[in-house]
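Spelled out from the first residue to the last, the chains are:
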Amino acid sequence: HVLGAPLSMADLEFVEPDLHRSLAWLQHHSNVQLLHLDFTVTPPASSSSFASPDMRVHELVPGGAERTVTDENKHEYLALRVRYHLLDCMGPQVW
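Note that this is a predicted model, so its numbers are computed, not measured.

**Some points on the nonpolar core**
Logical step 1: Within the largest apolar cluster, 17 residues are counted, with the highest numbers of intra-cluster contacts made by L12, L23 and Y77.
Logical step 2: Residue assignment for this core shows that the elements contributing at least two residues are α1 (9-15), α2 (17-28) and α3 (74-88).
Logical step 3: For this core, the element with the most residues is α3, which contributes 5 residues.
Logical step 4: If near-sequence neighbours (up to four positions away) are discounted, Y77 is found in contact with L23, L26, L37, D38, F39, T40, L60 and V69.

**Focus on the pattern of salt bridges**
Oppositely charged side chains are able to pair whenever their charged atoms sit close together.
Logical step 1: Under the criterion given, the structure shown has 2 salt bridges.
Logical step 2: Between R67 and E76 there is a salt bridge, with its nearest N and O atoms 2.6 Å apart.
Logical step 3: With a relative accessible area of 35%, E76 lands in the partly exposed category.

**Notes on the environment of L60**
Logical step 1: Of note, L60 is situated in the loop between β2 (58-59) and α3.
Logical step 2: What makes L60 buried here is its relative accessible area of 14%.
Logical step 3: Setting aside anything within four residues of it in sequence, one finds L60 in contact with F39, T40, V41, Y77, L80, R81 and Y84.

**Here we look at α2**
An α-helix turns once per 3.6 residues; consequently, residues spaced three or four apart project the same way.
Logical step 1: Counted at 1.5 Å a residue, the expected span for α2 with its 12 residues is 16 Å, and the 17 Å between its end C-alpha atoms agrees.
Logical step 2: Along α2, the positions that sit buried rather than exposed are L19, H20, L23, A24 and L26. Burial along α2 is one-sided: seen end-on, the buried residues are contained in an arc of 160°. Within α2, the exposed residues directed more than 90 degrees away from the buried face are D18, R21 and H28.
Logical step 3: Of the surrounding elements, those touching the buried residues of α2 are α1 and α3.

**Some details on the side chain of R81**
Logical step 1: Along the chain, R81 falls in helix α3.
Logical step 2: Dropping the residues within four chain positions of it, R81 is found in contact with L19, L23, V41 and L60.

Conventions we followed
- Residues numbered from 1 in each chain as written.
- Predicted model: local features only at pLDDT ≥ 70, side-chain atom pairs only at ≥ 80, totals over all residues.
- Heavy atoms only, no water.
- Core = buried A, V, L, I, M, F, W, Y, C linked by side-chain atoms within 4.5 Å.
- Buried < 20%, exposed > 50% of the residue type's maximum accessible area, 1.4 Å probe, protein only.
- Helix = DSSP H or I, 4+ residues; strand = E, 2+ residues; numbered from the N terminus.
- Contact = heavy atoms within 4.5 Å.
- Salt bridge = Lys/Arg side-chain N within 4 Å of Asp/Glu carboxyl O.
- Expected span 1.5 Å × (residues − 1).
- Arc of directions from axis to C-beta.

So, in structure tokens, the structure goes:
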């Protein structure tokens with residue numbers, strides 16, 4: 001994102017290959033609501049910005065814990081996950 005280019009799933013492949021594979025699978029399959037995903041992520045326990053027990057789940061959007069990932073909104077979810085893992089989560093390490 002330093003160059004101002006949009007982030008993509010391909011960018012994630014080099015940083016977190018296992019996560020990239022999981023999200024790519026989600027991108028190419030249907031009926032994702034059966035996975036019971038929502039618009040949240042659980043940061044690693046070692047993340048200093050989430051040291052408080054109340055901060056163990058990070059909502060990708062306001063109300064994300066109540067928003068189910070479906071075939072209709074999975075592209076938004078994927079974009080938010082990529083952004084979170086490449087910018088929001090890694091920001092302190094990169095900057």
